[in-house]
Structure formats: structure tokens, C-alpha cells
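Residue-level structural notes
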Amino acid sequence: MAPLRTAVLSAFCALLSVGIASPAQSHTESVRRSIARRTNGNGTCPIPTDIPVRASKTSPFLPLTNEDFGSVVDWLFQPEQNLNLTSVSNENLTQTDNYIWLIEALHPNKTDILNYLDRNSTKPRKYARVVINEGGKEIPDATEYFVGPLPIDNTTTIQTLDYIYTSSPHIPFNARFEDGPRSTAIDSIVAKTMSSIADITKDLMEIEYYGQSDERSNCQYFVSKPSSGNGSQSIVWLPWRLNGIAPYDQMMDFYASFDISGTDESLYTFRMFVYNNVVYTSSPVTPLDESHLRKDRIGDFRELETRFAPTIVELDGKRYKVDEENRYVEYLGWSFYTGFTRDVGIQFFDIKFKGERVIYELSLQDAIAQYAGNNPFQAGTAYNDRFYGIGVLMGRLIPGYDCPYHATYWNSTIHGAESTNTNINSICIFETDIGHPITRHSAETYKQATKGSALVVRVVATVGNYDYLWDYTFMTDGAIGVDARASGYVQANYYKPEDEDHWGPRIAETITGTLHTHVMNFKVDFDIIDDKNSFVKTDLIIENITQPWYPERGTFEMARLNFTELQTEDEGLLPSTAANGQTMYTIQNNAHKNKWGVPRGYRIVPGVSNVHLPSMLSPWFLKSGQYAKQAMAVSRQHDTEPYSSAALNQNLPEAPLVEFWSFFNGESLRQEDLVVWVNLGMHHYTRSEDLPNTLMSEAHSSVVFAPQNWGDAEGTMDLANAVIYNRGEGDVAVPFTNGVNPPSCFAFSLEDELLGVFENGSA
């Protein structure tokens, strides 16, 4: 146990040991085990022992080992591969060279994995996904390949990775990643242009720019995204910002546009400036004061807030088990494997509840944001965060703040071009009290409550100005929750009174918030019992009826349910959530019924802020963001359709690698292997409370996947952490707790006692 965890646990238990004495009270003896009253603890809580677990089968979802990664790099550099590679460590590397950009594991096909997990076939052999920037070709591009099988032997080959995309794996040069060599080439034309007018920009705005590495530069720019439509050219807008903390919120009313098409930077050209929307009509105020951007504590302390905030402590030890080597977890009936990729971070596979598979894959697909504003940068900004690498941006978590002190932490490893990067403690796993009982009821002679607990797997990715927190929650009743929250800095706009707050209100001296929409798409590959499922839409409708036992009412309105089973993918793009929540969605297995003859299934329950992109025809997400243009979608599972998005969709909105709507081609959805694509998100109506940082209490979206006739009764009947009272002799009820009681170090106050809660029949 870490020293901090030990100290916190001991201090917490010492506080608990100070109880409030309660008078003795007689009660009816019961054969049931009950909790005896105690007024103090012994002052010391023993250090609990974690229980190990070993996955029954080694995980097929793990990243490449360092050995495999190194051998692939060496193999690619061999002359017989004819790739003409330059090492990324070469100090003279330019965008006109061929060099490796990414190497990571290529997940095996679902069919092969299920044969391994369920039918005892051999484990699928590993393959690597390889992205190479090929600027040295006659027609330069970036190409995706796959290399394998691994380990390297005489059967290993390299092939273009075309089977998982809806278009060519040869990405036009103008749509490629904006890496170091590309950024250097862009900066050459920017520095040349800006240094020639440095005296003017200094007089107008007190900014000067001579290049990224020039110490005289006191400002910076950002290259707008997308920077291309179909890859045929690359025209970008550069918004200018002051150096310092949170440059996203130190905007200047100044924009520059360049044509950076092709590999020859000598042919790059300046296009135009935009200052004060059109011409030089006024001089902006330079926001030199950064105080409104810092999260330093200010003001008087709130009363009692200097006390240590409540926290979660596992007095009796962890109730979950992990196999870190296989990235495998078990928790109170749940079991699952995890994977991790550069593009999207953590993924969940083979999710089972009480030994039966519920979901084969649950994974983030992309997190996008589309902005609006009265200037060329905000109006044309549409981010695909997968492009920047959500997984590689999942950084170290802060104990006690990002995650409880007792959490289990895992590292994440990303293989880049020729090196490996490990983010320490970037994934945390912990059990939490959900803050309410999972079931409860009081009656005249009976009272019961079952403790509400859940396992949470949490990650946080800092993508530019935003910090995204994702929780994957496994509840004791069989439900799974996915929550997305956002904090960090808003991408602000320069304040202009004439904009009349149409794109966001004024939030500081010189800036306004910027209207934008976040959408996060998730793949949920349900396998309810097996991979033959159907999707049912249930509408709560109101109809006019008459009933013979109400003759005096005549015709009146009453609700009933109307069931529609989706037949084909032509019905699979589902619009916004119905008004008043009167449409409900269930995925079920018609071949497997519960005790009552009802198909077993899971319902998709919308939570907070289930939004999608409001624009259907914006050129910035014309085809690349199709997965974000409806509340959810249902398609047939295919190994050739593993993702709804791709990193290089970013700069190809007109001709993306993955065009999501092409998945929907009329195939049957009845008792087939189905995938549900679910969107979370928020329309960010900015406010002064977004500074210095956006508040996660409001920037929140969620969904729950809940059992729907999965069992014969609700799924917590077998939980021991529950209490039940049955009124006994003399109207006295003794609590029955299944023998699960707080440790002896846990002191009770009078109000904490279970005895006496239900005496005299009082509920």
C-alpha cells in the first residue's frame, strides 16, 4: 500500500473511532444475525489485502509488446521492403521524406476472437497497423499498412490497410497529419509574411511574429481544422493569440490565410488578412492581464470549507480484482478485458454479467467539436479529436482529485514512429458509493434497502484547450453507464459589441465565449447472450378510448405501448430522442427468453444532454461527421466496418476514409450481429462561469445501458450488502444484514445505528 493511502486510511479510521454514546436498549432476540451497537472503534483499521485474479485466457486485445514493436521497425527499414525510409531521429528530416508516423496493434477480427474466447480455437496471431508519411513519392501521400503475422518470420508481409475503410488508405498529402516536419514547412511562409509587417502589427495590436523559435515573437497562431476538403489543396486560416497561459482565451481580432498545398514550401503563398472583419477600422485592446485565466484560489474561505472534503475509503478491502498483465477486471459478477489505442484511448471487450456476454465491444470512436462565429477561424473550425490522438493525450491522473485515493492505476503505452511513450497512471479503477440505495421500500411491517455501489473506470484526455473526462460505470444491478464531462478553457472569440451575443456572450474584458457543439460517438457492439440480436423501438402513444366500466367518461385519453422491430439498416439512422422521452430503444435476443417468456435484452436509456450536430450540411463535416448527425444508429456488425470515424477524416470532410452512412445499405437487422452507435455531447452555451475553467457539473452528458427483461427479476437479489427489517414480537424489528457489517474500527453515532429504525411499526 502506498504511504499516502496508508496515512489517509489510518487518519480516517481514527476520526471514525470517536463515536457518540447511545443508551442501552433491549430488543427481541432473533435467529437472524444483526449489527450490535458500538459507540467507538478501536482506532486502527487494518490494511486490507487485495485479491488477485488471472484471466482465463490471455487477452487478444493487448497493444504490441516492445519486442514486437522493435522488430516491426527493424523489418520496415530493411532494403527489401522498398520503403526508402528516413529515420525520424534524422535532424534533417523534412516533409518530403518517407518516414514512419505510427505503429500500433491491429485488433483481430471479431469472428476470430470469438472462436478463441468461446470455442477454444488458437489465439489469433498479431498484426501491426503502420502509418507512413510518404512525402518522397512521385505523388506524395500518407499510407496506412498492416504488417504481420507477428512475431516477424518468413511469412510476414506488408499490405495496404484498405479493408477497414470506405475509401483508399492512401491519404492525399494535403490531408495528412500536421507533424513536426509539416509544421516547420508551414512556419516558413508564416514567419516570412508576418516579419515583413511586424512594425504594423506592433503598432496596431502590440504583437510581433518572426517565427516559432525566434525570441522576439510574443504571439502564436493555430492552423485551422479542417485544412482541406478532399485533399486536392490545403488552404488554412490562422487565428492570432498572445503567448502565455491559455492562449485560447487571449485572442486577437486578426486572422491570416495561406495556401500550403503540396510538398514544396517555396510555392506556399499568402492569401489575405482579416482584421476587424474587413478593414483596419479600430485598434483592439490587448489583453495583457492573465489573472482571469488562472485557477488560483481567491477570496475569503467559505465557512468550514477548510475541513478535508468527504472521500471514499475501502475499509474492508477491494471488492474487485484485476489482472494487469492481461488488462482484465472482475467485479461482483462483471468481467471484461480492456484495450488501448493512440486514436481513442481505452476500449472494453467481452463484457459479461454473471457469466453471460452483454457487450462484445464498448469504445469511444471520436470526440468532435464544431464552432460558429463572425470571423473566418471560428466559422470554419471543426475538430476531430481522434486526429490529435485522444489516447496519447490521456495523461497522469491526480490522486484524491481525479480519482479516489484508493484507486487502482494502470499506465498506458503508445508506440509512435520509432519510439514508445508511456503515460503513467493514466487509467484509474475504483469502486464508489453511488450515493443512494439501488433498491428500497418501506411498508407497515417491512422495510429494506440494498446498498448502491458501482465500479468506475476513468480516463481524462487533455486535447488542446479542453479536458475530457470519461467514466465507464459497472453497476451491481447489471446496468452500464457512460458519462462524458468537459473542463479546461473555452476557445474564445474577440469581443465585438456589434455581434450582439449571437455566437456567445462577453465573458471577460476583450473576449466572448464561442458557440459550439461537442459530440462524442461510442460503438456498442451488443451480444445479448450471443451475436444474434434484434432492435426494438417502443413508443408510448396516447389514444382515445372508451371502457365499459367508465360509461360516464365517454371517450378519454390513455397511454399504451406500441412496438416496432427494425427490419433493415434503412431504418437504422435514428433521429433525435423523442419528445418527453416517449420513444424507448431495446436490443434483445428473440431466441433467448426469460422465465416469463419475454426476450432477454438491454435498454438504451438516454441520460443528460444527448445531443448531435445541429447542422446536416456544413462543409466542415459534410461526410466526415455523419456518425454525429443523429441521436444513435444501428447497423450490422462487419469486420470491415470497425470504426465510425478515422483520424485522417479530419482534413477530408468531402472524401473521408470512413463515410459512416455507407454502412447502411439495406441489410437485415433481425436476429443478426448488431452494433449500436450512440452519441453523447453538449451544446456549449458559453457563460462568464467558463472562466477560468469550464465546470464539469454542467458540461456533462450520459447514457445508461440497463437490463430489460434480462433476468427473471431485478439483478441485486443476491447482494449481501443489504438490510431487511421484518416486524417481530412486540412491534420490534431486528435488522438482518446477511453478515456484512462495517469493520470494528468504524464507529457509530446514534443516528447511524440500525437498531431501532423500525420499532413500533414506524416506517
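Everything quoted here is computed from the prediction, not taken from an experiment.

Taken as a whole and assessed by the stated rule, the structure comprises 34 salt bridges. Note that Asp68 is salt-bridged to Lys126, the shortest N-O span being 2.4 Å. Taken together, the residues span a long stretch of sequence, with Asp68 in helix α2 (residues 66–77) and Lys126 in strand β2 (residues 126–134) at a distance of 58 residues. Residue Asp68 is classed as buried on the basis of its relative accessible area of 7%. When its relative accessible area of 32% is taken as the criterion, Lys126 is described as partly exposed. Measuring nitrogen to oxygen at the nearest pair gives 3.0 Å for the salt bridge that ties Glu543 to Arg560. Taken together, the residues span a long stretch of sequence, with Glu543 in strand β26 (residues 534–545) and Arg560 in strand β27 (residues 556–565) at a distance of 17 residues. Salt bridges sharing common partners tie together Glu104, Arg129, Glu144, Arg342, Asp343 and Arg386.

Next up on the list: the sheet that holds strand β34 (residues 722–726). On the basis of which strands lie adjacent, the open sheet formed by three strands has the order β18-β19-β34 and antiparallel pairing. The sheet is open, and its two borders are formed by β18 (439–442) and β34, each paired with just one other strand. Neighbour-to-neighbour, the strand axes of this sheet turn through a mean angle of 5°, independent of strand direction. Relative to β34, strand β19 (residues 446–450) runs antiparallel, the two sharing five bridges.

As a further point, take the sheet that holds strand β8 (residues 251–259). Across a sheet, strands are paired by hydrogen bonds formed along the backbone, either parallel or antiparallel in direction. As summarised here, the arrangement of the four strands in space is β6-β7-β8-β9, forming an open sheet in which the pairing is antiparallel. This sheet does not close on itself; its edge strands, each paired only once, are β6 (219–221) and β9 (269–275). Here the average twist between neighbouring strands, direction ignored, is 25°. Pairing analysis gives six bridges linking strand β7 (residues 235–242) to β8, with the strands arranged antiparallel. Within β8, the residue paired with Trp237 across the bridge is Ser257.

With that out of the way, let us pick up the nonpolar core. Of all hydrophobic cores here, the largest spans 77 residues; its most connected members are Trp470, Phe535 and Phe705. Residues in contact with Phe705, not counting those within four places in the same chain, are Ile359, Leu362, Gly478, Ala479, Ile480, Val482, Val524, Phe526, Tyr602, Arg603, Ile604 and Val678. Trp101, Phe177, Phe387 and Phe660 belong to the second largest nonpolar core, which has 33 residues in total.

Cut-offs used in this document
- Residues numbered from 1 in each chain as written.
- Predicted model: local features only at pLDDT ≥ 70, side-chain atom pairs only at ≥ 80, totals over all residues.
- Heavy atoms only, no water.
- Salt bridge = Lys/Arg side-chain N within 4 Å of Asp/Glu carboxyl O.
- Helix = DSSP H or I, 4+ residues; strand = E, 2+ residues; numbered from the N terminus.
- Buried < 20%, exposed > 50% of the residue type's maximum accessible area, 1.4 Å probe, protein only.
- Pairing = 2+ DSSP bridges.
- Axes fitted to C-alpha atoms, helices over the stretch in contact; angles between N-to-C directions.
- Core = buried A, V, L, I, M, F, W, Y, C linked by side-chain atoms within 4.5 Å.
- Contact = heavy atoms within 4.5 Å.

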